[in-house]
Amino acid sequence: MNQAEVTKLMSQLKIAIKPRHRNLKTPLGPEGRIDKLRQTVTALIKYERIELFYNRADEARGYTERLISDALRYGDSHKPMMEMADYWLLEKQLVHKLFKVLVPRFESTNGAVTKMFNAPRVYPADPKRAYFKRVVLELKGNPYPTISPDSSYRNKNLIHNVLLDAAMKDYYAEKERQQQLLEKDPTVNSVEESKQ
């Protein structure tokens, strides 16, 4: 019996999704929860970088990933996809941004299209919200400066980097001096080894 592969029936997300939805408290109940998520997804598509609390960001990230992955898969001529984009994006001009700007940007992307970074805590914080973790949720390739520190850059003014640079220069200078001595007289190396 021929059975379809499940992975071909639905687009696969590149981020881990919890089996149960998060409890986003709102006085309006489940409808209020969905409204919050719709507002968050709309803001993320509109601004491409937003700062908010972790629970709401993590939940909205999954819906945004699904929206963009389905837009990549089906395009703007697929009626259910257009209905989904119309539902999740409260500002209707963002539907055009989704298909004309974001889909071409992420066509060659294999991984997730969103990134989430921890945001610094505000001090002194509101006592009611001090224990909530804040994050920055962004779309990859946005026009803003990068948040993640560049690992290739080292701050040369920090004392430990100055000391490490000096030690590295001394090490390579000594290594080069020994190499020059070895080229001049090959017996020097055997004499130095016998001393050790």
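Look a little higher up for the structure.
Note that the coordinates shown come from a computational prediction; the quantities given were computed from them, not determined experimentally.

K.L.:
Help me understand the overall build of the protein chain, please; the structure alone is not making it clear to me.
P.N.:
A count of helices and strands for the protein chain gives seven helices and three strands. The N-to-C order of helical and strand elements in the protein chain reads α-α-β-α-α-α-β-β-α-α. Residues counted as buried form 29% of the 196 residues belonging to the protein chain. Here the analysis covers contacts within the protein chain between residues at least 6 apart in sequence; of these, 64% occur between residues at least 24 apart. By element, 55% of the accessible surface of the protein chain is carried by carbon and sulfur atoms, the whole surface being about 14,400 Å².

K.L.:
Honestly, unusual backbone geometry in this entry has me stumped. Any pointers?
P.N.:
Leaving glycine aside, a negative phi is the common case for residues, and trans is the common case for peptide bonds. In this structure, E48 takes a positive phi of about 70 degrees despite not being glycine. Counting through the fold element by element, E48 comes out in the loop between α2 (30-47) and β1 (49-53).

K.L.:
Any chance you could explain the sheet that holds strand β2 (residues 114-118) here in plain terms?
P.N.:
For sheets, the rule is that strands pair by backbone hydrogen bonds, running either parallel or antiparallel. The strand order β1-β3-β2 describes an open sheet built from three strands, whose pairing is antiparallel. Each edge of the open sheet is held by one strand with a lone partner, namely β1 and β2. When strand polarity is set aside, the average angle formed by the axes of neighbouring strands in this sheet is 25 degrees. Of the strand pairs in this sheet, β2 and strand β3 (residues 134-139) are connected by five bridges, and their pairing is antiparallel. What sits directly across from N118, in β3, is V135. Against the sheet, helix α3 (residues 54-74) makes contact with β1, β2 and β3, and its axis sits at roughly 170 degrees relative to β2, the strand it touches most.

K.L.:
Help me out: how do you make sense of the pattern of salt bridges in this one?
P.N.:
Pairs can form between side chains of opposite charge whenever their charged atoms are close. Evaluation of the coordinates by the stated rule reveals 12 salt bridges. Between K92 and D86 there is a salt bridge, with the nearest N and O atoms lying 3.2 Å from each other. For E174, the salt bridge is made with R177, and the minimal N-O distance between the two is 2.6 Å. Of this pair, E174 and R177 both sit in helix α6 (residues 159-184), three residues apart, which is roughly one turn of that helix. For E174, a relative accessible area of 35% gives the class partly exposed. A network of salt bridges, in which partner residues are shared, links E48, K97 and R105.

K.L.:
I tried to follow the side chain of T64 on my own but got confused; where do I start?
P.N.:
With respect to the helices, strands and loops of the structure, T64 is situated in helix α3. Of the residues examined, T64 reaches a relative accessible area of 0% and is grouped as buried. T64 has contacts with V41, L44, I45, T114 and L139, leaving out every residue within four places of it along the chain.

What counts, and at which threshold
Residues numbered from 1 in each chain as written. Predicted model: local features only at pLDDT ≥ 70, side-chain atom pairs only at ≥ 80, totals over all residues. Heavy atoms only, no water. Helix = DSSP H or I, 4+ residues; strand = E, 2+ residues; numbered from the N terminus. Buried < 20%, exposed > 50% of the residue type's maximum accessible area, 1.4 Å probe, protein only. Contact = heavy atoms within 4.5 Å. Areas by Shrake-Rupley, 256 points an atom, 1.4 Å probe, with all protein chains shown as cover. Pairing = 2+ DSSP bridges. Axes fitted to C-alpha atoms, helices over the stretch in contact; angles between N-to-C directions. Salt bridge = Lys/Arg side-chain N within 4 Å of Asp/Glu carboxyl O.

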